[in-house]
Each structure stands twice: as structure tokens, then as C-alpha cells.
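Breakdown of the fold
So you can see what is in the structure, the chains are spelled out below.
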Amino acid sequence: DVNISLTPTTRKHIDHILEGVKISSIQPSHDGKYYSVNFSRALPSDQTERWTEIRRTDDRKLMHSFRHARMSQLQWLPNTNRISYTHTRSGKATLFLHDIESGEITELMEEMENFSGYRWAPNEEFIIYTLREEGSSITEDIRQVLGMQDRQSHFRHRSFLYYFNLSSGYHQRLTFGNLTTSLQDISPDSQQLLFSQSFPYYTQRPYSKQNMYILSLDNLTLDTLWTDEFRGVSARFSPDGRYLLAT
């Protein structure tokens, strides 16, 4: 039977969940004049289409659409209405800077291998980015297993922090060693980096330990906050840079 009705009410069914365009996240610019919105849409081939749009807050005017652009890692700059994002081709990432108001697009870093992520300094003068170094493969004929997690293919991969100055184009590696370094925060004056290391510790819960450091960028001196602690915290600088908030 077919029933025809003019009433707007209807029962929620599975098509409302699976079909249509959905908003996954929204991120405003530093002054709220613009915002980026991430969309997703289910395709008939059991795949999902995802894209980002930049809109003006006052009237929701579309300023730029990244649909079908293969763009990722979009970030608003801390003090200006500009965005940065990466485009990956053949496993290499290129970082772009896009001025929303003028439309100017600048290529910052080209074809970076094993590029994992980046963060802008509050003064917008430099970027701290992460590159991954791949360890030995688990498919080797003879291999010493260093621990339970060493059975995972990615366990011997390491990530390290690098510095990139926008005006000079200068790159510098900041961290080394046999442990991955993870950026926690950049101080409000853009003079210090807060980063951590973690490693497994199988004999006691929570089965991992953490090191936390502050690196001064002007002279590359290192201040140790703690080492070999049973912690897995995330930390950030306070707005005045005098305190740390750890969770």
C-alpha cells in the first residue's frame, strides 16, 4: 500500500543516518571572521567522501572549497586569517599557505618524505614539524624481539622534531635518539618547546614511562622536567608562559 500525507512528521530510519551530507567538525579563525567546516558523505561503493569548506561567519558565504582537492592537515594560523594544509602525492607531502582574503597561495615546504604533522609558532615566524624514520622490518629472516610491542610492524619507527623558519627557509633538526619525541606545546613567546618521550615498562602499571623536557630555541639548552615517571600526560603552557597545565 502507498500512503500519501502532507504531515512533516516521519519516523527516523537508517537512511537518515547513512545517507546525506554530515558535518564532522568546525574550526573558527583566530578572530572568528571565518571558519572551516569538515563535511562527509557516504557513497554507494561503501566509501566515504570528505572535504573542507572555508566560509565567512557573518553571512556564511563560501570563500573556498577543497572538495576533490586531496588536502589534509588544515590549520588556521594563530594571528591572521590564513590557513595551511598539506597535499600528498606519491607518499610525499607539500605544505601550502593560503591567504583567505587575498586568495594568494604560497608553497612553504615541498615533497617532504614521512611527514607526520606540524604546528605553527604563536608569532607565525616558524613551524615545528615531525618526520618519521622507519625502523627495521618484521619480515627479516633473523630478528631479535625487544619486547611484546616489538611484534608490531611500526614499533621500531621513530619520529623527531624539526624547525622551519618561514622568512629564511632554514630547516634544522631538533631531536635525536632512540625514542620518539612528541611535541606538546610551543610557549606563547615562541621561545620554548615542550616535548615528551615515552617508552614501554612491562613490569608495572600503567606499563609505560614518560620523559618531559623544555627546549629553549635561542640557544638549544634543555631543561628536564621529569624522567622515568609513570605518567602519560599531555601538557600545555599557560597564556603567560609561567605555568604548565598537565592532564
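So, here is what we can say about the structure in this document. In this text, all values refer to a predicted model and were calculated from it rather than measured experimentally.

Brief notes about the overall build of the chain
Each helix and strand in the chain was counted, giving one helix and 18 strands. The C-alpha radius of gyration of the chain comes to 23 Å, more than 25% above the 18 Å expected for a compact globule of 247 residues. Projected onto its principal axes, the C-alpha positions of the chain cover 70 × 45 × 40 Å. Surface accessibility of the chain: about 15900 Å² in total, with carbon and sulfur atoms responsible for 47%.

Examining the packing of aromatic side chains
What the rule picks out here adds up to nine aromatic pairs. Ring geometry for phenylalanine 115 against tyrosine 118: centres 6.2 Å apart, planes inclined by 35 degrees, an arrangement best described as tilted. Residue phenylalanine 115 shares its accessibility class with tyrosine 118, and that shared class is buried. Among the aromatic residues, ring-to-ring pairing joins Phe115, Tyr118, Tyr129 and Tyr162 into one connected group. Arginine 173 extends its terminal NZ or CZ atom over the ring of phenylalanine 160, reaching a point 4.4 Å from the ring centre.

A closer look at the pairing of strand β10 (residues 126–133)
Remark: a regular strand shows side chains that alternate across the two faces of the sheet. In terms of burial, β10 is largely enclosed, as six of its eight residues are buried. By the bridge criterion, five bridges tie strand β9 (residues 115–120) to β10 in an arrangement that is antiparallel. Bridged to phenylalanine 115 within β10 is leucine 131. Counted between consecutive antiparallel strands, the loop separating β9 from β10 contains five residues, among which glutamate 124 sits at a positive phi close to 65 degrees. As paired elements, β10 and strand β11 (residues 158–165) share eight bridges and run antiparallel to each other.

Topic: the environment of leucine 43
Its location among the elements puts leucine 43 in the loop between β2 (34–42) and β3 (48–56). Relative accessible area serves as the criterion here: at 26%, leucine 43 is assigned to the partly exposed category. In sequence terms leucine 43 and arginine 151 are 108 residues apart; their C-alpha atoms lie 36 Å from each other.

What to know about the sheet that holds β11
In spatial order, the strands read β9-β10-β11-β12; together these four strands make up an open sheet with antiparallel pairing. Edge positions in the sheet fall to β9 and β12 (171–173), since each of these pairs with one other strand and no more. Within the sheet, the average angular offset between the axes of one strand and its neighbour, ignoring direction, is 25 degrees.

Considering the nonpolar core
One finds Leu108, Met109, Phe115, Tyr118, Trp120, Ile127 and Tyr129 to be the most contacted residues of the largest nonpolar core, which totals 16 residues. Mapped onto this core, the elements with two or more residues apiece are β7 (92–99), β8 (105–113), β9, β10 and β11. The residues touching tryptophan 120, leaving out its near neighbours within four places in the chain, are Gln75, Leu77, Pro78, Ser84, Leu97, Leu108, Phe126, Ile127, Leu166 and Ile186. Phe126, Leu161, Phe195 and Leu217 belong to the second largest nonpolar core, which has 13 residues in total.

With respect to the side chain of serine 190
The topology assignment puts serine 190 in the loop between β13 (182–186) and β14 (192–200). Ignoring sequence-local partners within four residues, the contact set of serine 190 consists of Ala121, Pro122, Asn123, Phe126 and Leu217.

Regarding the sheet that holds β2
Pairing is antiparallel across the open sheet formed by four strands, whose spatial order is β1-β2-β3-β4. Bordering the open sheet on either side are β1 (21–28) and β4 (62–65), each of which pairs with just one other strand. Ignoring which end each strand starts from, the neighbouring axes of this sheet average 25 degrees apart. Strand direction decides the pairing type here: β3 and β4, joined by three bridges, are antiparallel. Bridging across to β4, isoleucine 54 finds its partner in histidine 64.

Cut-off values and rules
- Residues numbered from 1 in each chain as written.
- Predicted model: local features only at pLDDT ≥ 70, side-chain atom pairs only at ≥ 80, totals over all residues.
- Heavy atoms only, no water.
- Helix = DSSP H or I, 4+ residues; strand = E, 2+ residues; numbered from the N terminus.
- Rg over C-alpha atoms; globule rule 2.2 N^0.38 Å.
- Areas by Shrake-Rupley, 256 points an atom, 1.4 Å probe, with all protein chains shown as cover.
- Phe/Tyr/Trp six-rings, centres within 6.5 Å; stacked < 30°, edge-to-face > 60°.
- Buried < 20%, exposed > 50% of the residue type's maximum accessible area, 1.4 Å probe, protein only.
- Lys NZ or Arg CZ within 6 Å of the ring centre and 35° of its normal.
- Pairing = 2+ DSSP bridges.
- Axes fitted to C-alpha atoms, helices over the stretch in contact; angles between N-to-C directions.
- Core = buried A, V, L, I, M, F, W, Y, C linked by side-chain atoms within 4.5 Å.
- Contact = heavy atoms within 4.5 Å.

All quantities given are derived from atomic positions and should not be read as evidence of function.
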